[in-house]
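An overview of the molecular structure
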Amino acid sequence: MKLASVRLITDDLPALTAFYSALTNTAPVTPFGPDDYAELHTDGSIIALAASAAVKRHNNFAAEAAANRSAILEFEVDDVDAERVRLSEQVTDWVQEPTTQPWGYRSMLLRDPDGNLINLYSTGH
């Protein structure tokens, strides 16, 4: 079994696509057209974004936009502090500024436009 992607459901696909494009510094791929679905291909993972209307049509109303409070999307980066500066214009909800954790990793927490929690961290190695 292989985890193929993490799919986030949104009521504002263009805004969430722009946010994750800026966050990951990758161009979105829209294999089924730009209105219902987009993917961001990062090194080792795919972030899939789907419009709420598409989930209603194709997935029997199985997911609700902006309702997640139980998952954290985690991205390993080279320099957390540099990412804080780079993303200062795109991010409006900073949860935790860059902090060195007791186990030595440096991390920061933020929310995407739909409220999904994101952790950017570096191992310091």
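This section reports on the structure supplied with the text. The shown structure was predicted, so the numbers you read here are calculated from the model rather than taken from an experiment.

**Considering the packing of aromatic side chains**
Applying the stated criterion to the full structure yields three aromatic pairs. Ring geometry for phenylalanine 19 against tyrosine 20: centres 5.2 Å apart, planes inclined by 85°, an arrangement best described as edge-to-face. Neither phenylalanine 19 nor tyrosine 20 differs from the other in exposure class; each is buried. Its guanidinium or amino end placed over the ring of tryptophan 94, arginine 84 lies 3.7 Å from that ring's centre, counting from NZ or CZ.

**Focus on the layout of surface pockets**
There is about 300 Å³ of room inside the largest pocket. Along the walls of the largest pocket sit 15 residues, with Leu23, Thr24, Phe75, Glu76 and Val77 positioned nearest its centre. Those elements that place two or more of their residues in the lining of the largest pocket are helix 1 (13–24), strand 4 (72–76) and helix 3 (80–86). When residues of the lining of the largest pocket are assigned to their parent elements, the largest contribution, three residues, is made by strand 4. Here the residues of the lining of the largest pocket sort into four nonpolar, four polar and seven charged. Taken as a whole, the second largest pocket spans an internal volume of roughly 190 Å³. In terms of lining residues, the second largest pocket is bounded by Leu3, Ala4, Ser5, Val6, Gly44, Ser45, Ile46, Ile47, Ile72, Leu73, Glu74 and Phe75. For the lining of the second largest pocket, the elements supplying multiple residues, two or more each, are strand 3 (45–51) and strand 4. Looking at the lining of the second largest pocket element by element, the count peaks at four residues for strand 4. For the lining of the second largest pocket, a count of residues per class yields eight nonpolar, three polar and one charged.

About the cut-offs
- Residues numbered from 1 in each chain as written.
- Predicted model: local features only at pLDDT ≥ 70, side-chain atom pairs only at ≥ 80, totals over all residues.
- Heavy atoms only, no water.
- Phe/Tyr/Trp six-rings, centres within 6.5 Å; stacked < 30°, edge-to-face > 60°.
- Buried < 20%, exposed > 50% of the residue type's maximum accessible area, 1.4 Å probe, protein only.
- Lys NZ or Arg CZ within 6 Å of the ring centre and 35° of its normal.
- 1 Å grid on protein atoms, 1.4 Å probe; cavity = no way out; pocket = protein on both sides within 12 Å on 5 of 7 lines; lining within 4 Å.
- Points joined across faces, edges and corners; volume = space filled by probe spheres on them.
- Helix = DSSP H or I, 4+ residues; strand = E, 2+ residues; numbered from the N terminus.
- Nonpolar A, V, L, I, M, F, W, Y, C, P; charged D, E, K, R; others polar.

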